[in-house]
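# Breakdown of the fold
Each chain, letter by letter, is given below.
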Amino acid sequence: MSTVVPLTRLTSAAIRQSSGRGFSTSRTSHSKKHYQLLVVGGGSGGCATAAKFAGKLGKGHVAVVDPSEMHFYQPMWTLVGAGIKTLQASGRPMQSVLPRGCDWIKDQAVSFDPDRCTVTTGSGEQIGYDFLVVAMGMQLNYSQIKGLPEAFTVDQSVCSNYWSETVTQTFPALEALQQGNAIFTFPNTPVKCAGAPQKIMYLADHYLRKAGKRDNTNIIFNTSLGVIFGVKKYAERLLDIVKDRNIQVNYRRNLVEVRPEKKEAVFVDLDSPEGKTETFQYSFLHVTPPMSAPDPLRQSSLVNTDGYLDVSKETLQHVQYPNIFGIGDCTSVPTSKTAAAAAAQSGILQKNLQAVMSGGKMQGQYDGYTSCPLVTGNNKCILAEFDFAGQPLETFPIDQGKERRTMYHLKRDVMPELYWNLMLKGYWNGPALTRKLLHLGMSK
Ligand code: FAD
């Protein structure tokens, strides 16, 4: 059943534009810029959304606000960090991935006024909208870890796959590693792709074995979580893998400081009431940073108490403002934050936003589908797929909890093509249909 939010807070402009006329292409005569649909953030979710509406609403009625020159397919960074793909292969100029007919406002959104239906950009420009989709992704808070920003500049053995500026350091750091502790971290905040902090660890293990250096190195996973992965089926397999590969896992350990001059990483024991710390020597340190929604969003009135865009987890509509929707990592939707989740959400968002635009009832209901290709070696992958309840929702009628070469090729070779050619063009809403077909209609 879809949640229908009364249109009481829909602005008169939006109602005029939307009521009973389906997609309107008329434009209000403001001196400032005004769009029928404004999308803030041109990443995975924002680009897919703009593509779905740009053709329908017509030229000049959809705009994307995003300051980034490049659009990156971030899931590839796991492979970039392992020396399997290049950073160049993971990025394309933003202009080239935005749909035809959509305006690109190359600036950042700095504030939101949902009552006046405007977004203000860094240059001070106010942009009006009838409908707004917020797709700003996650902010990487590296500076919350004492000494880390400096460590990136002075210590070549400190790296992070999470940022385009640091991902290219990971493989050289692995190549330079001869002996000692290779430490991988997981922060005490929500993250995007919760599997990525350990995927690079398995790839590092693979590389070190191949290079004959594994006997001289200890691989350590210091995670803030109390489990290795949030879904029991996949967690059980991963526990077997870490045991087989002699990887040490320390739970409830949160990185708080890096001292590059002494090659020390300081972790807080999250279960210690007095905040006991433990210091590890490192020869290689891969950091997954603390994350949050971007500051301009967190400082707006659009967020819940955790600082994420407050939307209905089923309809993706804002809980207070019916002309605002959200997609992807910056939202309060309680599922694992991935591009796969954004793809599944994009189909639901399209249905529901279209319904609201034409004064109809929202029918789309998101089930929490998300996916994490857990790369466990240079030719192995467990394809985790699950829903809101953490129940597996697997596309293929085989046990996806097993390490498989086919799933590795799907991740390495097929998914990037699917992303650039289908998802960003608005044609990929996740694998639900394929799953139903492959399971002969017996799957959810
Ligand atoms: P993003 O794609 O991050 O886009 C956000 C956009 O908002 C950016 O373009 C940014 O410039 C823009 N923005 C930010 N602030 C502002 C502002 N103030 N004004 C305007 N624009 C702004 N997902 C998977 O499905 N499978 C994987 O295997 C996988 N592996 C990953 C591995 C790594 C190392 C990383 C980093 C991510 C991985 N992900 C994976 C996660 C995936 O990349 C994200 O979940 C996905 O990109 C989320 O899409 P989004 O649109 O919410 O955010």
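A brief structural summary. (Residues numbered from 1 in each chain as written. Predicted model: local features only at pLDDT ≥ 70, side-chain atom pairs only at ≥ 80, totals over all residues. Heavy atoms only, no water.)

Each helix and strand counted, the protein chain has 12 helices and 21 strands in total. Radius of gyration (C-alpha) of the protein chain: 22 Å, near the 22 Å computed for a compact globule of 444 residues. Its C-alpha atoms give the protein chain principal-axis dimensions of about 70 × 55 × 45 Å. Counting only residues that meet the buried cut, the protein chain has 58% of its 444 residues in that class. Counting only contacts in the protein chain whose residues sit at least 6 apart along the sequence, the fraction spanning at least 24 positions is 66%. By element, 51% of the accessible surface of the protein chain is carried by carbon and sulfur atoms, the whole surface being about 18,300 Å². Positive and negative side-chain charges of the protein chain, numbering 47 and 37 respectively, have mean locations separated by a distance of 7 Å. (Helix = DSSP H or I, 4+ residues; strand = E, 2+ residues; numbered from the N terminus. Rg over C-alpha atoms; globule rule 2.2 N^0.38 Å. Buried < 20%, exposed > 50% of the residue type's maximum accessible area, 1.4 Å probe, protein only. Contact = heavy atoms within 4.5 Å. Areas by Shrake-Rupley, 256 points an atom, 1.4 Å probe, with all protein chains shown as cover. Lys, Arg positive; Asp, Glu negative; His and termini not counted. Charge placed at Lys NZ, Arg CZ, Asp CG, Glu CD.)

Further remarks concern the site of the ligand. Neighbouring residues of the ligand: 34 residues in total, closest Gly45, Asp66, Ser68, Ala109 and Asp329. Taking Ser68, its side chain carries an N or O atom lying 2.8 Å from an oxygen atom of the ligand. One nitrogen or oxygen atom from the main chain of Ala340 is found 2.9 Å from an oxygen atom belonging to the ligand. For the ligand, whose free accessible area comes to 1,000 Å², the fraction covered by protein is 91%. For the shell around the ligand, the secondary-structure elements that each account for two or more residues are α2 (44-57), α3 (77-81), α7 (196-210) and α10 (339-357). (Near = heavy atom within 4 Å. Polar contact = N/O pair within 3.5 Å; in protein donor to acceptor, adjacent residues only side chain to side chain.)

Side-chain pairs of opposite charge can arise where the charged atoms are in close proximity. Applying the stated criterion across every chain, the model contains 19 salt bridges. Of the charged contacts, one joins Glu125 and Lys33 as a salt bridge, the two residues approaching to 3.3 Å between their closest N and O atoms. With Glu125 in the loop between β7 (118-121) and β8 (126-134) and Lys33 in the loop between α1 (12-18) and β1 (34-40), this pair connects stretches of sequence that are 92 residues apart. Look at Lys33 and you get partly exposed, because its relative accessible area is 34%. For Asp205, the salt bridge is made with Arg214, and the minimal N-O distance between the two is 2.7 Å. One salt-bridge network, in which partners are shared between bridges, spans Lys146, Glu257, Arg259 and Glu264. (Salt bridge = Lys/Arg side-chain N within 4 Å of Asp/Glu carboxyl O.)

Between α2 and α10, whose axes approach to 9 Å, the crossing angle comes to 35°. At the point where α2 passes α10, the crossing takes the right-handed sense. Every residue of α10 that contacts α2 at Ser44, Gly45, Ala48, Thr49, Lys52, Phe53, Lys56 and Leu57 is listed here: Ala339, Ala342, Ser346, Gly347, Leu349, Gln350, Leu353, Gln354 and Met357. Residues that form the contact of α2 with α10 fall into these classes: 8 nonpolar, 7 polar and 2 charged. (Axes fitted to C-alpha atoms, helices over the stretch in contact; angles between N-to-C directions. Left-handed = near helix turned anticlockwise from the far one by under 90°. Nonpolar A, V, L, I, M, F, W, Y, C, P; charged D, E, K, R; others polar.)

With that settled, consider the environment of Pro93. Tracing the backbone through its elements, the reader meets Pro93 in strand β4 (residues 91-93). C-alpha of Pro93 to C-alpha of Arg259: the two residues are 166 residues apart in sequence and 36 Å apart in space. Not counting the four nearest positions on each side in its chain, Pro93 is found in contact with Glu69, Met70 and His71.

Let us now look at the pairing of β1. With 7 of 7 residues buried, β1 is to be regarded as a mostly interior element. In this sheet, β8 lies alongside β1 in parallel orientation, the contact comprising 6 bridges. When the sheet's bridge partners are listed, Tyr35 is paired in β8 with Tyr129. Examined bridge by bridge, β1 and strand β2 (residues 62-65) share 4 bridges and lie parallel to one another. Counted as the bridge partner of Leu37 is Val62 from β2. (Pairing = 2+ DSSP bridges.)

In this section: the packing of α7 against helix α8 (residues 232-244). Where α7 meets α8, the axes come as close as 12 Å, and the angle between the chain directions of the two elements is 35°. Here α7 runs over α8; the crossing is left-handed. The residues of α8 that touch α7, namely those facing Gln198, Met201 and Tyr202, are Leu238, Ile241 and Val242. Looking at the contact of α7 with α8 residue by residue, the classes come out as 5 nonpolar, 1 polar and no charged.

Moving on to the packing of aromatic side chains. Here the distance between the centres and the angle between the planes together describe a pair of aromatic rings. Within this structure, the stated rule accounts for 12 aromatic pairs. Centre to centre, the rings of Phe184 and Phe284 are 5.5 Å apart; their planes meet at 45°, and the pair counts as tilted. In this pair, Phe184 is assigned in strand β11 (residues 180-186) and Phe284 in strand β17 (residues 284-286), connecting sequence segments 100 residues apart. Here Phe284 falls in the buried class, since its relative accessible area comes to 0%. Measuring from ring centre to ring centre gives 6.4 Å for Phe229 and Tyr234, while their planes differ by 80°; the resulting arrangement is edge-to-face. Phe229 sits in the buried class, given a relative accessible area of 7%. Site record: aromatic cluster; members linked through ring pairs are Tyr73, Tyr419 and Trp420. It is Lys313 that lies over the ring of Phe388; its NZ or CZ is 4.6 Å from the centre. Sitting over the ring of Tyr308, Lys337 keeps its end group 4.5 Å from the ring centre. (Phe/Tyr/Trp six-rings, centres within 6.5 Å; stacked < 30°, edge-to-face > 60°. Lys NZ or Arg CZ within 6 Å of the ring centre and 35° of its normal.)

This next bit is on the pairing of strand β20 (residues 370-377). Taking burial as the measure, the 8 residues of β20 include 8 buried ones, the bulk of the element. Of the strand pairs in this sheet, β20 and strand β21 (residues 380-386) are connected by 7 bridges, and their pairing is antiparallel. Considered in β21, the bridge of Thr370 is made with Phe386. Joining the antiparallel neighbours β20 and β21 is a turn of 2 residues.

Counting 133 residues, the largest nonpolar core has Leu37, Leu38, Phe112, Phe229 and Leu297 as its most contacted members. It is α10 that contributes the most residues to this core, 9 residues altogether. Residue contacts for Leu297: discarding those within four places in its chain leaves Phe112, Val134, Met136, Leu302, Val303, Leu309 and Cys330. (Core = buried A, V, L, I, M, F, W, Y, C linked by side-chain atoms within 4.5 Å.)

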